[in-house]
Structures are given as C-alpha cells and as structure tokens.
Amino acid sequence: MSERYLDDQMLISRAQGGDRSAFNQLIRKHEARAYQYAYRLTRNPEEASDVVAEAFVRVYNALHNFKGQSAFTTWLYRILTNCFLDIRKKERSRPSISLEAALLTPDGELERQVEDPNRTPHEEAERNERERNVESAVAMLPEYQRAMIVMYHAEMMSYEEIASALDLPIGTVKSRLNRARLSLRELLVKDEELFRI
Amino acid sequence: MGTTTMNQEKAREFFSAYYEGTLEAGLSQTFEQRLKADSQLQDEYRTFEATMSELDTLKFEEIEIPSFLSDRIATRLEEVQEKAKAKNPVWTLWLRGLAFGGVATLAILGAIAGYYRTEGPSTSQIVPTSTSDSLKLDTSGPNVVMNYQSSQREQMSISSGGTLLKSLNLDAGTRVKSPLENDQAGAALFEVSVRGKTTVIAIPGTQRQTSNATSGTLKAFAAAMADFYRTPVELEVADAEKTVNWSFEGGRSAAGALQGAPYSVVELDNGVIEIKDR
C-alpha cells in the first residue's frame, strides 16, 4: 500500500503503539497543509515553520490521548491555531503593514492611484493587487478573527469543523466570523476609496 | 420582528446568514424590509457582498512550502526527545528520518540504568535479547550499538525484568540502530523479542563486579559473564530461565566458564560472547 494514502486513523494507531515510521508518515502527510494554514496566519515563512514545528511537537506529546472523536486534521488545526496564538503572545508586536501607511507619501498626502482606462491588459495586475489587498487586510485582523477567516475562506472548512477545531459553539463561530467579515469590509472599503480618482 | 425593531446594528449581524441563505424565513423577510428602507444599509450590504467575493480568492493563493520545513520539524522533535531522555534515562526514539526520503532509519537511543539480580529486578532495565540473525552488536565505538534490519513486517519488543519498555512495528527493510548504554555499576540486561524469539543482551556496567554467585539462571550467568569479562554477552537460547552452574576461577576462558551444560559459549571477533543452545 502506498504510504501516501494510509488512513490517518491507521497511522495514528500505529504511532500510538510506538511505530515512529507511522508518526513520520503522519507528519509528511499533513505538514504541507499545516504550513499553508500557518503561513496564511503569519505571512512569514520562518514564523509559519516555527508554528508548524511546535504544533507537531504538541501532537507528538499528546498523541497518546487522541481518541479519534474528531478528525485528526480538525485536531491539528486546533493545535496550529493555539501555537500561532501562543507564539504571538510571546513575541513583541511586529509592525504590520497598514493599507493607509503604504499609501502615505513623505508629505503625509495619500497617494492616488490612477485607473488605467485600458482595462484588459491590466486586469490581471489589478486582480493580483486586489488579492494582495485582501491578504493584507486579513493580516490586519485580530489574530482570532484572522484564524477563523482563514479557516473558512482559505482552508474551506465548514462552520462545524471550525467550531470543533476551536472548541466553540457553532453560533459563536458564525457570529464571530460575521464580525470578522464586517471588519474586513471596513478595511477594504477604505482601500478602495484610496484607489479611486 | 418589524422593520422598526431591527436597527442597523442588528441587521449587520444577519449579513452573513442572509448572504448564505441560511436566515430563517421570518427574519429574512424583516431583514429585506429593513434593507429596502435604508439606503446606507443597502450600500453596506453591497460592499459586504463584494467582500465575500474577494474572500473567495484566498483559497487560490499559491503558497510555496519551504525546503527547510521538514528539517525544522525534525530538529524540534529531536530537542524534545533529548530533553525527555535526559529526564528519564530509559528508551527514547529519535526521528531523523523525517528530513530524508526513502526508508526511514529509526535510531533508538537507550540509556540503560540498573542491573538484573536473581532475587528480583532492581532499578529499571532493559535486557535486549535478539534472536534474529540480522541482529548484530557493534563494539567498534565507545558504546555497544545494536543493529537490526527487519526482513519483513514484524514487531520488535524490548523489555527488562519482565517489563515491556518499547514496542516497535517495523516495515520490511527498516533499520533499527541503538547504542546500548549502561551507566550503572553492574551489568544491565535487555530482552529483544522478534517473531516470538528472544535474545538477551547483557551490557557490562561501569565497574567490574565480583560476585560469589556460581549458579543461577542463564540470564544471571550472562550478566555475571558481562561483569567479569567486561564485554557484552548475547544469549540466544530456548529457555533463558534455565538454571546453570558456572565458575570464573582459575582464569578460565569464557568458553570454559559454563560447567557441563548443553550450551555453546563462543567469543566472537568483535569481543561479544555468544551463548547458544548446542
């Protein structure tokens, strides 16, 4: 059987029995996805790697307690989120990119972007710019809101999965996500105004 | 709930549910009425819809996995393992295989403390017994290193004094490599079992022991021999609990220590003394 497709539960059972190769396979199977989630939260490869490494240490230490009541990935997301929040608490606040600050000239004037009337050749550039702005706006959210936005919109987790991962009632997840989206709306509206003539 | 009771703030709370079509019918109707009556709220909802569309692009972002990620994870896990080993000098496992492709090499770091007495187990210990031909002891370095290569999918268990210390599920071709360290004064015994056969490995302690015992189980003999000759002893017999008599007096060679028993005692080129059924 190809190692790549070994069921999580089988790998976990073997790892719980002391099979280190099974634990290695579990890590290999999930490390890329774990990194992508961590990167979306941190926007920094070094920090994202630290989050993932710390998360797998916690998985290693707690695997004997994992009873399979939730999917392993759900459990891993919870651990990753907690590692991200814990690492952030320990660090000094890092300068975050403000959409407004990026557009301030040395004189303090807001720099205006002129829309090119020839849209077709620049459509792709604009789309990428908008995507970057969305990513930047997400990075400006409070960490907990950021985690929920990333889980839902980037990781494509359901409300139920997010509730399970964060150990929250589903109603709380929905209301917090709505609040996060409203915050993002504010940030992105400001950004759009700055781009208009 | 009428339009007058749903203020703007309340209406905003329903943006997501309305967008996703999960708002219950009654509330949905009220929400729509509120929207119709409030142009500012309409604008806000339109921008909310645009935001939701833009958020959908997040999943398309391509994120490159850094080449150092696997190594970072492996290094971090090793640190944890080393700390655990320092706290509890029994068996811990080392996960260096993570950073490399192909067959993972499992390195079992063992710190053996304690020794086995005929009257009962003392502090900890693991007596490895190996029975497979593919289990070899390497004495070329400062520590004795147990090397084993599984020829098929199998289970290896390592115990001491009847207590199971570690169980490993090995795939075919998995290499197990472990230094066997004994920090105690007297010999330590490990029992390594694979496919129903057990090998006892006695590792001499830090000090030469002078025991007056001249009879006991084969395991006790292996420990005594390791203590006396200051060399590892490998015991591969059908019944390691069988009682035997021995003597090291008169400068006997290892082969001559066991008296009148149906076992071969051979000193191998690497200095290991091997005891087998004749």
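You'll find the structure just up there.
These remarks concern the structure in this document. (Residues numbered from 1 in each chain as written. Chains lettered and ligands numbered in written order. Predicted model: local features only at pLDDT ≥ 70, side-chain atom pairs only at ≥ 80, totals over all residues. Heavy atoms only, no water.)

1. Focus: the pairing of strand β6 (residues 144-149) of chain B
Side-chain positions along a regular strand alternate between the two faces of the sheet.
Residues and elements named next belong to chain B.
Alright, step 1. As paired strands, strand β5 (residues 135-138) and β6 are joined by four bridges and run antiparallel to one another. Note on β6: the bridge partner recorded for L137 is M146.
Alright, step 2. As consecutive antiparallel partners, β5 and β6 are separated by five residues. (Pairing = 2+ DSSP bridges. Helix = DSSP H or I, 4+ residues; strand = E, 2+ residues; numbered from the N terminus.)

2. Remarks on the environment of Q259(B)
Alright, step 1. By the element assignment, Q259(B) lies in the loop between α7 (254-257) and β15 (263-267).
Alright, step 2. Sequence separation between Q259(B) and N245(B) is 14 residues, and the spatial gap between their C-alpha atoms is 5.8 Å.

3. What about the interface of chain B and chain A?
Alright, step 1. The interface of chain B with chain A comprises 44 residues on the first partner and 47 residues on the second.
Alright, step 2. Roughly 4,100 Å² of surface becomes buried between chain B and chain A when both sides are summed, with 59% attributable to carbon and sulfur atoms.
Alright, step 3. One can count 14 residue pairs in polar contact (both at pLDDT 80 or more) joining chain B with chain A.
Alright, step 4. Breaking the side of chain B that touches chain A down by element, the ones donating at least two residues are α1 (8-13), α2 (15-20), α4 (39-55), α5 (69-87) and β8 (163-170) of chain B.
Alright, step 5. The leading source of residues in the side of chain B that touches chain A is α5(B), at eight residues.
Alright, step 6. Its residues assigned to classes, the side of chain B that touches chain A comprises 21 nonpolar, nine polar and 14 charged. (Contact = heavy atoms within 4.5 Å. Buried area = accessible area lost by both parts, 1.4 Å probe. Polar contact = N/O pair within 3.5 Å; in protein donor to acceptor, adjacent residues only side chain to side chain. Nonpolar A, V, L, I, M, F, W, Y, C, P; charged D, E, K, R; others polar.)

4. Considerations on unusual backbone geometry
Alright, step 1. A positive phi angle is found at M156(A), which is not glycine, with a value near 60°.
Alright, step 2. Turning to its location among the elements, M156(A) is positioned in the loop between α7 (143-154) and α8 (159-166).
Alright, step 3. Not every positive phi belongs to a glycine, and R195(B) is a case in point at roughly 50°.
Alright, step 4. If you trace the backbone, R195(B) turns up in the loop between β10 (188-194) and β11 (197-203).
Alright, step 5. Exposure remark for R195(B): the relative accessible area of 45% places this residue in the partly exposed category. (Buried < 20%, exposed > 50% of the residue type's maximum accessible area, 1.4 Å probe, protein only.)

5. Concerning the side chain of D8(A)
Alright, step 1. The residue D8(A) is located in helix α1 (residues 8-16) in this model.
Alright, step 2. For D8(A), the contacting residues outside a window of four places in its chain are L26(A), K29(A), H30(A) and F72(A).

6. A few points about the nonpolar core
Alright, step 1. Of all hydrophobic cores here, the largest spans 78 residues; its most connected members are V52(A), V59(A), I149(A) and F31(B).
Alright, step 2. With residues near it in sequence (within four places) discarded, I149(A) still touches V138(A), L141(A), A154(A), L177(A), A180(A), R181(A), L184(A), L55(B) and L58(B).
Alright, step 3. Membership of the second largest hydrophobic core comes to 27 residues, among which are L189(B), A226(B), L235(B) and V244(B). (Core = buried A, V, L, I, M, F, W, Y, C linked by side-chain atoms within 4.5 Å.)

7. Structural notes on the packing of helix α3 (residues 25-37) of chain B against α4(B)
Residues and elements named next belong to chain B.
Alright, step 1. Between α3 and α4, whose axes approach to 5 Å, the crossing angle comes to 110°. As summarised for this structure, α3 and α4 are arranged roughly perpendicular, according to the angle between their axes. Residues F31, R34, L35, K36 and A37 of α3 pack against S39, L41, Q42 and Y45 of α4.
Alright, step 2. Looking at the contact of α3 with α4 residue by residue, the classes come out as five nonpolar, two polar and two charged. (Axes fitted to C-alpha atoms, helices over the stretch in contact; angles between N-to-C directions. Parallel < 35°, antiparallel > 145°, perpendicular 65-115°, else oblique.)

8. Observations concerning the pattern of salt bridges
Alright, step 1. In this structure the tally under the stated criterion is 26 salt bridges over all chains.
Alright, step 2. A salt bridge links R43(A) to E135(A), with the shortest nitrogen-to-oxygen separation between them at 3.7 Å. Here R43(A) is found in the loop between α2 (20-42) and α3 (45-62), whereas its partner E135(A) is found in helix α6 (residues 119-140), with 92 residues between them in sequence.
Alright, step 3. The exposure class of R43(A) is partly exposed, given its relative accessible area of 25%.
Alright, step 4. Here E241(B) ties to K219(B) by a salt bridge, and the two come within 2.8 Å at their closest N and O atoms. You can see E241(B) sitting in the loop between β13 (233-236) and β14 (243-245) and its partner K219(B) sitting in helix α6 (residues 218-229), a full 22 residues away along the chain.
Alright, step 5. Looking at E241(B), the relative accessible area reads 41%, which means it is partly exposed.
Alright, step 6. Here K219(B) falls in the buried class, since its relative accessible area comes to 7%.
Alright, step 7. Through salt bridges with shared partners, a single ionic network connects E54(A), R58(A), D86(A), R76(B) and E79(B). (Salt bridge = Lys/Arg side-chain N within 4 Å of Asp/Glu carboxyl O.)

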